[in-house]
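Single-letter residue listing:
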Amino acid sequence: MNGKEIHKGSGGKMNFTQNIDLKKQRRMHMRERRFACNVCDKRFINETLLVRHKKGHTSLRPYQCETCKKCFTQKATFLQHQRTHTGERPYHCTVCSKRFAHKKHLVQHQSVHTRERPYHCTVCAKSFAQKQTLPQHQRIHTGKKPYHCTMCEKSFRQKANLCQHQRKHTGEKPYHCTVCSKRFSHQTHLVLHQRTHTGEKPYPCTLCSKRFVDKSALVRHQIVHTGEKLYHCTECSKRFSSKSYCVLHQRTHTGEQPYHCTECSKSFSHKAHLVLHQRVHTGEKSHHCTVCSKRFAYQGSLVRHQGVHT
């Protein structure tokens, strides 16, 4: 029963005491989850959890976010959602300086300090601190991508990646900076942006005095010390210190221009070139002369103008 051997008495029948214990254990288990949902098969240890769960079966969503108009069945979920807009991270790790928007994320993070990884992959040697991370990892081996975008043919291993991808189609930017008016499609982009206001640079280089706002910038910088060029062009012999530089270079061979202007038919190989071009349509002049009141669309134009004052 349930994969466990039931010990029997000398006559081949179940020992009377053991039989009583087994029945008692079953009754205790049923008593622990005696509140059953009449819509699905789920059971709960108390009525509060049952009532909260049953709201998920109804269309009633009384809690609405004023920023994005999303509605929620539970107040706790609603409050957690609002942190995506405010960037609030009330849960902090007592071992290091990291902060989190949700308590469960703090609990998951704390395993980094304890080094406990009880969940093991049977295919490779990797172990994981969180139970839910293991099936996500196993999809690397199976190739399974259960989350499909309804707007294009792309599929994803994780639901979070699908949600992030769908914002490319919808243009949704739910994360906004409380200091300025900028909005972002990813929370990580908001966190990085906020450091431009605070001046925080939590990633120091161990070889020099420089500090960086994110880990990837630190890794790119460290190549300055090592001189390492890991990325090479498959068409020619050039090598590059970063993958992004290598990708940009390869477009000189392929002629690929993935960045398209929505106002005209022009395309560009670099995103920065598209941004500069769009100023032709918007009339934006973000570069201004500190001597006079003139403004310019391009930095090169400003530099040439400043020669008038010297």
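Structure first, text after, so check above.
Positions within a chain are numbered from 1, following the residues in the order the chain's sequence is written. With pLDDT at 70 or above as the cut-off, local features in this predicted model cover only qualifying residues; side-chain atom pairs require 80 or more to be listed or tallied, and sums for whole chains, interfaces and linings still use all residues. Only hydrogens and water are set aside when side-chain values are computed; all heavy atoms of the structure are taken into account.

Sorry, what's going on with the overall build of the protein chain here?
A run of H or I in DSSP counts as a helix once it spans at least four residues, and a run of E counts as a strand once it spans at least two, with each numbered from the N terminus. A tally of helices and strands in the protein chain yields 11 helices and 20 strands. Working definition: with a 1.4 Å probe on protein chains only, accessible area under 20% of the residue-type maximum means buried, over 50% means exposed, and in between means partly exposed. When each of the 310 residues of the protein chain is scored for burial, the buried share is 22%. In this analysis, two residues are considered to be in contact whenever any of their non-hydrogen atoms come within 4.5 Å of each other. Taking the intrachain contacts of the protein chain between residues at least 6 apart in sequence as the baseline, contacts between residues at least 24 apart amount to 6%. Summed over its atoms, the accessible surface of the protein chain is roughly 23,300 Å², and 52% of this surface lies on carbon and sulfur atoms. Accessible surface is estimated by sampling points in the Shrake-Rupley manner with a 1.4 Å probe; for residues, cover comes only from the protein chains shown.

Which parts of the structure should I look at to understand the packing of aromatic side chains?
Aromatic ring pairs are defined here through the distance separating the ring centres and the angle between the ring planes. Stacked, tilted and edge-to-face are the three classes assigned to paired rings of Phe, Tyr and Trp, where Trp is represented by its six-membered ring and a pair needs centres within 6.5 Å; plane angles under 30 degrees give stacked, over 60 edge-to-face, the rest tilted. Taken as a whole and assessed by the stated rule, the structure comprises two aromatic pairs. Taking 6.1 Å as the distance between ring centres and 20° as the angle between the ring planes, the aromatic pair formed by tyrosine 63 and phenylalanine 78 counts as stacked. Separated by 15 residues along the polypeptide, tyrosine 63 in strand 3 (residues 63-64) and phenylalanine 78 in helix 3 (residues 75-86) bring together distant segments of the chain. Overall, the relative accessible area of 26% leaves tyrosine 63 in the partly exposed class. Ring centres 6.3 Å apart and planes at 45° place the aromatic pair phenylalanine 72 and phenylalanine 78 in the tilted group. Following the ring pairs from residue to residue traces out a cluster consisting of Tyr63, Phe72 and Phe78.

What should I look at first to understand unusual backbone geometry in this one?
Glycine aside, residues mostly have negative phi, and peptide bonds are mostly found in the trans state. Within the chain, lysine 69 stands out as a residue other than glycine whose phi angle is a positive 70°. Summarising the element assignment, lysine 69 is placed in the loop between strand 3 and strand 4 (71-72). Overall, lysine 69 belongs to the exposed group, its relative accessible area being 53%.

How do you make sense of the environment of glutamine 187 when you look at a structure like this?
Topologically, glutamine 187 is positioned in helix 7 (residues 187-198). The partly exposed category is assigned to glutamine 187, whose relative accessible area is 24%. Between the alpha carbons of glutamine 187 and threonine 84 there is a distance of 6.9 Å; along the sequence they are 103 residues apart. Apart from residues lying up to four places away in sequence, glutamine 187 is in contact with Arg83, Arg89, Ala101 and Tyr175.

Shape descriptors only; they carry no functional weight alone.
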